[in-house]
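Each chain, written out:
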Amino acid sequence: MQFPQTPQHAQLPLFEAFMMQPLAPVLKDVVETPWSTEPEAFSELSLRGGNCLSLLAPILRELSQDQDARWLTLIAPPASVTQAWLREAGLNRERILLLQPSSAQNAQQLACEALRLGRSHTVVSWLNPLSSSARQQLINAARKGDAHSLNIRLG
């Protein structure tokens with residue numbers, strides 16, 4: 001069976017017409033916002049499944065080896081984040097603070113305080129759910145302390 005031959009040049013003039021037009025007017029219409037040189041103050045990571053800690057380990061390892069002289073602070077980590085797990089995951093335990101909330105402060109307040117003080121380059125929290133007002137408080141505290149807030153949602 002043969003298919004009728006259509007001339008290959010049927011669409012060529014349209015293609016050529018497009019290619020012949022200068023791109024400058026098109027590019028002038030595109031408004032680009034420059035990348036901010038200031039790092040984001042807040043990040044959130046959602047992990048699901050049984051191997052959540054194995055996915056989290058390289059991130060925490062990298063943060064624990066940061067060249068910044070300040071701490072990596074973990075606020076109310078899950079019970080499975082133990083000193084033994086930190087050691088097995090290869091984290092620099094001399095650069096990590098593990099903080100648990102008390103009856104006077106909940107985990108979110110403790111994270112805000114750690115961020116605001118500026119003695120930690122990154123404060124990792126496990127706040128779930130996290131309201132938009134709580135997120136904004138973490139962002140404001142991180143900016144004040146020149147730190148980064150990382151919230152981990154396990155599920």
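Details of the structure are given in the entry above.
Reading the values: the criteria
Residues numbered from 1 in each chain as written. Predicted model: local features only at pLDDT ≥ 70, side-chain atom pairs only at ≥ 80, totals over all residues. Heavy atoms only, no water. Pairing = 2+ DSSP bridges. Helix = DSSP H or I, 4+ residues; strand = E, 2+ residues; numbered from the N terminus. Axes fitted to C-alpha atoms, helices over the stretch in contact; angles between N-to-C directions. Contact = heavy atoms within 4.5 Å. Salt bridge = Lys/Arg side-chain N within 4 Å of Asp/Glu carboxyl O. Buried < 20%, exposed > 50% of the residue type's maximum accessible area, 1.4 Å probe, protein only.

Quick word on the sheet that holds strand β5 (residues 148–154)
Within a sheet, neighbouring strands are paired by backbone hydrogen bonds and run either parallel or antiparallel to one another. On the basis of which strands lie adjacent, the open sheet formed by five strands has the order β1-β5-β4-β2-β3 and parallel pairing. If you trace the sheet from one side to the other, it starts and ends with β1 (42–47) and β3 (96–99), each paired once. Going from strand to strand, the sheet's axes swing by 20° on average, the running direction of each strand aside.

Side note on the environment of alanine 142
The topology assignment puts alanine 142 in helix α6 (residues 132–144). Residues alanine 142 and alanine 41 lie 101 residues apart in sequence; the distance between their C-alpha atoms is 5.7 Å. Those residues within four positions of alanine 142 in sequence are excluded, and the remaining contacts are Ala41, Leu115, Ala147 and Ser149.

Overview of the pattern of salt bridges
In the structure shown here, the tally under the stated rule is four salt bridges. Arginine 135 serves as the salt-bridge partner of glutamate 44, at 2.8 Å between the closest nitrogen and oxygen. One end of the pair, glutamate 44, is in strand β1; the other, arginine 135, is in helix α6, with 91 residues separating them in the sequence. Take glutamate 44: its relative accessible area is 29%, and that puts it in the partly exposed class. When its relative accessible area of 27% is taken as the criterion, arginine 135 is described as partly exposed. Put simply, aspartate 68 and arginine 70 hold a salt bridge, and the shortest N to O gap is 3.1 Å. You can call arginine 70 buried: its relative accessible area is 19%.

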